[in-house]
Amino acid sequence: MDWIVPFILTVITASTPLLLAATGELITEKSGVLNLGVEGMMLIGAIAGFAITASTGSATLGIMAAALAGMATSLVFAFLTLTLMANQVATGLALTIFGVGISALVGSGFVGFAIDPLPALNIPVIRDIPVIGPILFGQDFLVYFSIFMVLASGWFLTRTRAGLILKAVGDSHDSAHAIGYNVIRIRYMATLFGGAMSGLGGAYLSLAYTPMWAENMTAGRGWIALALVVFATWRPGRLLGGAYMFGCISVLQLHAQSAGINVPSQFMSMLPYLATVVVLVIISSDYTKIRLNAPACIGKAFRPAQ
Amino acid sequence: MTAISGNTTGAVKQRTGSGPAQLEICGVTKAFPGCLANDNISFRIEPGEIHALLGENGAGKSTLVKMIYGVMQADAGELLWEGTPVTIASPHDAREMGIGLVFQHFSLFETMTVLENIALAMNDVRDMAVLRQQVIEVEKTYGLPLDPDRHVYTLSVGERQRIEIVRCLLQNPKLLILDEPTSVLTPQEVDKLFETLRRLSSEGCAILYISHKLHEVQALCEHATVLRGGKVVDTCDPRAETAKSMAEMMIGQKLVSPDRGVRPAPGDVRLSVKNLSLVSDQQFGTDLQDISFEVRGGQILGVAGVAGNGQNELFQALAGETEIHGAPDCIVIDKQPVAGFGPRRRRRLGAAFVPEERNGHGAVPNMSLAENGFLTAFRRMALSARGLIREVPTRSFAEGIIKTFDVRTTGHGAEAGSLSGGNLQKFIVGREIMQDPGVLVISQPTWGVDAGAASAIHQALLDLAAKGTAVLVISQDLDEIYAICDQVVVMAGGKMSAARNMADVTIDEIGLLMGGLHDLNGDLAPKQDGGQHDPA
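Note that the structure is predicted; figures quoted are calculated from it, not measured.

**Q** Is there a simple way to explain the overall build of chain B in this structure?
**A** Within chain B, the regular secondary structure consists of 18 helices and 23 strands. Its C-alpha atoms give chain B a radius of gyration of 24 Å, within 12% of the compact-globule value 24 Å for 536 residues. Counting only C-alpha atoms, chain B reaches 75 × 55 × 40 Å along its principal axes. When burial is assessed residue by residue, chain B has 47% of its 536 residues classed as buried. Across chain B, every contact between residues at least 6 apart in sequence was considered, and the portion connecting residues at least 24 apart equals 68%.

**Q** Help me understand the environment of Ala 352 of chain B, please; the structure alone is not making it clear to me.
**A** Within the fold, Ala 352 of chain B resides in strand E16 (residues 351–354). Once residues within four sequence positions are removed from consideration, Ala 352 of chain B is found in contact with Arg 347, Glu 432, Gln 435, Pro 437 and Leu 440 of chain B.

**Q** Whenever I open this one, the pairing of strand E20 (residues 470–474) of chain B confuses me. Can you help?
**A** Each regular strand carries side chains that alternate between the two faces of the sheet. Residue and element names in this part refer to chain B. Within E20, five of the five residues are buried, which leaves the element mostly enclosed by the surrounding structure. Inspection of the sheet shows strand E13 (residues 300–304) paired to E20 by four bridges, in the parallel sense. Within the sheet, the bridge partner assigned to Ile 300 lies in E20 and is Val 471. Bridge count for strand E19 (residues 439–443) against E20 is five bridges, and the pairing is parallel.

**Q** What am I meant to see in the domain arrangement of chain B here?
**A** Interface extent is often summarised as the accessible area lost during association of the parts. Residue and element names in this part refer to chain B. Taken domain by domain, chain B holds domain 1 (49–71 + 88–251) and domain 2 (269–350 + 437–514). Counting residues at the interface gives 15 residues for domain 1 and 14 residues for domain 2. If you list the elements that add at least two residues to the side of domain 1 that touches domain 2, you get helix H8 (187–202) and helix H10 (243–251). For the side of domain 1 that touches domain 2, the element with the highest residue contribution is H10, accounting for three residues. Grouping the constituent residues of the side of domain 1 that touches domain 2 by class yields seven nonpolar, seven polar and one charged.

**Q** Mind showing me how you'd approach the sheet that holds strand E1 (residues 23–32) of chain B here?
**A** Two strands in a sheet stick together by hydrogen bonds in their backbones, pointing the same way (parallel) or opposite ways (antiparallel). Residue and element names in this part refer to chain B. Here we have four strands laid out as an open sheet, ordered E2-E1-E4-E5, and antiparallel in their pairing. The open sheet has two edge strands with one neighbour each: strand E2 (35–45) and strand E5 (84–86). When the angles between neighbouring strand axes are averaged without regard to direction, this sheet yields 30 degrees. Bridge count for strand E4 (residues 76–81) against E5 is three bridges, and the pairing is antiparallel.

**Q** Just to check I follow, could you spell out the nonpolar core for this structure?
**A** Within soluble globular proteins, side chains that are nonpolar generally end up buried alongside one another. Grouped together as the largest cluster of nonpolar side chains are 230 residues, with contacts concentrated most on Ala 22, Leu 200 and Leu 228 of chain A together with Ile 177, Ile 207, Tyr 209 and Val 473 of chain B. Per-element tally for this core: the top contributor is helix H9 (residues 183–209) of chain A, with 14 residues. Counting residues domain by domain, this core receives three or more from each of domain 1 (49–71 + 88–251) and domain 2 (269–350 + 437–514) of chain B. Sequence-distant contacts of Val 473 of chain B, defined by excluding residues within four places in its chain, comprise Ile 300, Gly 302, Val 303, Ile 442, Pro 445, Leu 461, Ile 484 and Cys 485 of chain B.

**Q** Would you take a moment to explain the pairing of strand E21 (residues 487–492) of chain B for this structure?
**A** All names here are of chain B. In terms of burial, E21 is largely enclosed, as six of its six residues are buried. Burial along E21 is two-sided: Gln 487, Val 489 and Met 491 facing one way and Val 488, Val 490 and Ala 492 facing the other are all buried. Relative to E21, E13 runs parallel, the two sharing four bridges. Residue pairing for E21: Ala 304 is matched across the bridge by Val 490. Examined bridge by bridge, E21 and strand E23 (residues 500–501) share two bridges and lie antiparallel to one another. The residue bridging Val 488 from the neighbouring strand is Arg 500, located in E23. Relative to strand E22 (residues 495–496), E21 runs antiparallel, the two sharing two bridges. What sits directly across from Ala 492, in E22, is Lys 495. Here E21 hands over to E22 after two residues, with Gly 493 in that stretch at a positive phi of 60 degrees.

Definitions and limits used
- Residues numbered from 1 in each chain as written.
- Chains lettered and ligands numbered in written order.
- Predicted model: local features only at pLDDT ≥ 70, side-chain atom pairs only at ≥ 80, totals over all residues.
- Helix = DSSP H or I, 4+ residues; strand = E, 2+ residues; numbered from the N terminus.
- Rg over C-alpha atoms; globule rule 2.2 N^0.38 Å.
- Buried ≥ 20, exposed ≤ 12 C-beta atoms within 10 Å, placed from the backbone.
- Contact = placed C-beta atoms within 7 Å.
- Pairing = 2+ DSSP bridges.
- Domains from an automatic or database assignment.
- Nonpolar A, V, L, I, M, F, W, Y, C, P; charged D, E, K, R; others polar.
- Axes fitted to C-alpha atoms, helices over the stretch in contact; angles between N-to-C directions.
- Core = buried A, V, L, I, M, F, W, Y, C linked by C-beta atoms within 7 Å.

Next up, the structure:
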């Protein structure tokens, strides 16, 4: 049974970037904005976080830089789609391609650099409790932050007036506008939040998961985060479960190999993506859940009637 | 200011000079690119007065309401609130001042609860528990039953409107604006709404009432201002006018009421439905239960009922949008069982269909009128040859519709979405009628269409029937059914009543059937109201 603790630890590290990015995207989508640029924003966050940490030696600055870089990228997206009313799908795809390119360009000078991984929150004594200690008390800041944020998002959406307004804007922007809410401003804020969280998701990869920079290191995690939001039918509680389930599937390959299970590694690497497709099909069959939780105005440009 | 709060309807009767108006509109002007929506509009609304604002589509009523409610700003002119000039910068400001608006197209959020919907339109953040208490109190005081925890999508249209009214009442409005409030209500629901409004008025709340239904304006309002082409063209006391005379003020010319002419003797059965049952594929739809009726050539059959009682499902089954397999005989068009056919095969048999929503269902908003005409008519009007579009006949077909049905537009190249609702409706109805169908199924033919256009559409339907077409009209508007139909059936809860001749049935009986009371001899006490449950 000694494999259990390392297994759970790797699941946590594999799930955290997904959870961070998906939480941000969930809030963005709840306001009615579909930002398909998550992958690009994660990459930009990853390189920003890595570059700042490597040059200043401060992981704190790196994390802040990642969030700001993600936010700045999403600001471009918001300006194009919300102010200039460009098509959200096309702009989101462009943002991903842009993110891949610019992160590779900036990152070319940082390939091969090594930094210390994000320090774990090591509380003496408690940390030494077997099993629970390392799992619950031996993680780094971003792991706790990701779980805090998804729970806080759930609380925000169901318990606060601001959350209610956010959902209202996503549900019917015309109605929200008619009763006097500033649809565009609310969507800007939701989009920027999504960008910051995606940036953090990327930073987790380059600062904690594998403390180094490699081109295109997100390897499709941004797309999985997008799928996770649908999988969770836009509910933060299910998002938490979903992110950990995908994390679990994606580390299976490593553990299957070390356990000597003879499955081609290519097949195991396929698993998370295969699971995404299967889960999306299953979710789509339950129309009620989607209807009740999906923001009805998602992806639609809002033009105030004047 | 103190004099105003004491004002009641009694004081309002001598309206001029006795203190500032609740709202005075002075020379308000608003221009949009290419059109002057409001041109120097002035009138006043006294405290406690029920004031009607009349006008055709596009007369500028909605623009004016939007400026009063702070959604947009006037280019020139000013608003005086209780005698003081004010700038209403946003709906938030308007609510703060005491202006409430019940929207024509409900401004509700379907997947949220009643309470959440109310909370969203309140200015001050309150404790939800306190708000709930207030909601229940207002509901009790004004007799507007609503369960605060129901989701909006589960509610009937009448109940939805109650949410809008309750949320206005919670802010203790001094001016309540209602934009076409009764277009979706049963006659009994309308009576109930009027009771509430009269009570509000007696408490000193001014009411600005916008409606196409002129007999309602007569029953409710003390003053009316008539707009045409963005200008005030007339004012009147509706109680001293007739519906016809007010309609003529609105359109600025003589109103020709539909001429029923000599109705032809009914011909053969052209559309028959027998024991049609259908489980709705929509999550919140209504299942059809054992529906049977028939329409003969030359006959117009009206399907009355409150929206959401299975009319959409019936329309889709008739139009072939929902195909029914296994029982081909349950829908027969001209002796041909068609229940398993899609819309195109049914159209080939000479049937035509006009759905309720114009944009997106009846027409493609981003395509030109000529292209929209082509889409349903290409076969019957031979607008296509060898897979290619025949440009000239397609254009002249569209031009023909525009001319015959007086569609006001720049021409066949105009995008369907750029037309006003009434004009697009005339085009769509015209497109189907010009194809000379043997069977026409038409849903809400004149919803949101002004008196002049409505009368033209009614006349066209009567003329079509006179040529031997079987016409089925699905409508919530009983006036319309009375104006053109020979027989009426009523839908309630997915079931259909037996056909009755229009001459033998009163409006009250139809109202009760609409509420789901099929047994007319039964006790009338529990009305039609689906929301009888006590929220407390």
